[in-house]
Amino acid sequence: MKISSNLERGIKRIYPDATLEESVKKIVQSDMKRRLLSFELIDTQYKKKYEMEFDDFFKNKIEDKAPSFDEEDDYFNWEMAITGIKELKEELNKINTEI
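The following paragraphs examine the structure supplied in this document.

Rules used in this analysis
Residues numbered from 1 in each chain as written. Predicted model: local features only at pLDDT ≥ 70, side-chain atom pairs only at ≥ 80, totals over all residues. Heavy atoms only, no water. Helix = DSSP H or I, 4+ residues; strand = E, 2+ residues; numbered from the N terminus. Rg over C-alpha atoms; globule rule 2.2 N^0.38 Å. Buried < 20%, exposed > 50% of the residue type's maximum accessible area, 1.4 Å probe, protein only. Areas by Shrake-Rupley, 256 points an atom, 1.4 Å probe, with all protein chains shown as cover. Lys, Arg positive; Asp, Glu negative; His and termini not counted. Charge placed at Lys NZ, Arg CZ, Asp CG, Glu CD. Arc of directions from axis to C-beta. Contact = heavy atoms within 4.5 Å. Salt bridge = Lys/Arg side-chain N within 4 Å of Asp/Glu carboxyl O.

Points about the overall build of the chain
Scanning the chain from N- to C-terminus turns up four helices and zero strands. Each helix (α) and strand (β) of the chain, taken in turn from the N terminus, gives the series α-α-α-α. Taken over the C-alpha trace, the chain has a radius of gyration of 19 Å; the compact-globule value for 99 residues is 13 Å, which it surpasses by more than 25%. With the principal axes as the frame, the chain shows a C-alpha extent of 55 × 25 × 20 Å. Counting all 99 residues of the chain, 24% fall into the buried class. A total of about 7500 Å² of accessible surface is found on the chain, and carbon and sulfur atoms cover 52% of it. Across the chain, the mean location of the 18 positive side-chain charges is 9 Å away from that of the 23 negative side-chain charges.

Here it is as structure tokens:
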């Protein structure tokens, strides 16, 4: 991996005892965890707002219904969060199991 010397120095300040690859792995994990928390917060907010899980929301408010604009907008945002949670957890698991 080729990176600039300034970037390499910056990485060494964050993770002084790690190799470059280990440092990049930790940076990627950290960012993915941050994004995961953001999606989980969105999921929690919608669960509280509608007092149900996403699948129940879809069945009760969206599927074969005429949802309001807000319900439809919330559905797309909530679905994005649910998908993001699933994908990030899968990717983090893959990264965490690498040697």
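Re helix H3 (residues 54-62)
Within H3 the residues assigned to the buried category are Phe54, Phe57 and Ile62. Projection of H3 onto a plane perpendicular to its axis shows the buried side chains occupying an angular sector of 70 degrees, all on one side. Of the surrounding elements, those touching the buried residues of H3 are helix H2 (20-50) and helix H4 (69-97). Directly after H3, the chain includes Asp64, whose backbone phi takes a positive value near 55 degrees.

What to know about the pattern of salt bridges
Inspection of the entire model under this criterion finds eight salt bridges. Glu71 serves as the salt-bridge partner of Lys61, at 3.8 Å between the closest nitrogen and oxygen. Highlighted residues: Lys61 in helix H3 and Glu71 in helix H4, separated in sequence by 10 residues. The class of Glu71 is buried, set by a relative accessible area of 17%. Each of Asp31, Arg34 and Arg35 takes part in one network of salt bridges that share partners.

Some details on unusual backbone geometry
One can expect most non-glycine residues to show negative phi and most peptide bonds to be in trans. For Glu51, which is not glycine, the phi dihedral falls at a positive 55 degrees. Position of Glu51 relative to the elements: it lies in the loop between H2 and H3. Using a relative accessible area of 74% as the deciding quantity, one classes Glu51 as exposed. Here Asp64, not a glycine, exhibits a phi torsion of approximately 55 degrees, which is positive.

Taken by themselves, the reported measurements are silent on function.
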